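# Structure assessment
This is what each chain is made of:
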Amino acid sequence: KGPLVFIGGDSSDPFFGAIKRGVDDAAASFGVKVNYIAADITGASLAQAMEAAAATNPSGLAFGDWFPDAQDGIAKKLATAGTPVVGYNAAPGNWAEATGALTWVRQSDFEAGRIAGQRFAAAGVKHALCVNHGPGATLFEDRCDGLAKGMSEGGGTATDLAIPYEDASNPAK
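Residues numbered from 1 in each chain as written. Predicted model: local features only at pLDDT ≥ 70, side-chain atom pairs only at ≥ 80, totals over all residues. Heavy atoms only, no water.

What follows covers the overall build of the chain. Scanning the chain for helices and strands turns up six helices and seven strands. Starting at the N terminus and ending at the C terminus, the chain contains elements arranged as β-α-β-α-β-α-β-α-β-α-β-α-β. Overall, the C-alpha framework of the chain stretches about 55 × 35 × 30 Å when taken along its three principal axes. Here the chain holds 173 residues, and 38% of them are scored as buried. (Helix = DSSP H or I, 4+ residues; strand = E, 2+ residues; numbered from the N terminus. Buried < 20%, exposed > 50% of the residue type's maximum accessible area, 1.4 Å probe, protein only.)

Shown next as structure tokens:
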């Protein structure tokens, strides 16, 4: 078997940079080799990265399931073949059972958004804007839906603003 494979975004992104640092630190602490594959956070790019990882016969695979329609078939194929699969950050609630993965590590994005909406409303906010920098990614849609629900429960409203991932880190956009 090959090394463990971890798929994430470009490490120059602050979010993924912190994740990669954690992966590198954990690999050093446990004395294992981990290949970090940086992919664009789009369904096609993530599916391509997962296929590339599968071709290396990895000892295990970890990835965020941001685009289940593009990624879950590959995860299921790997899990069925005996590769340990773990999801992080994003996955539908029944993801591990549906794909045969070992587990996933994440929060409920709907509940996180809902709690934020409740707190905004309690602080007197009447209208919130949910910036979705990954349209089509279920976790961001769930978070924005939760924010709208929490705001509604507190008497407020929310609006979604979709910004394509490729524009999310470009202040001019």
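Having seen the structure, we can now continue with the description.
Disulfide: a covalent bond formed between the sulfur atoms of two cysteine residues. The tally for this structure, following the rule as stated, stands at one disulfide. Cys130 shares a disulfide with Cys144; S-S distance 2.1 Å. Between Cys130 and Cys144, the S-S dihedral sits near -80°, and the bridge is therefore left-handed. Placement of the pair is Cys130 in strand S6 (residues 127-132) and Cys144 in helix H6 (residues 138-153), with a sequence separation of 14 residues. (Disulfide = S-S within 2.5 Å.)

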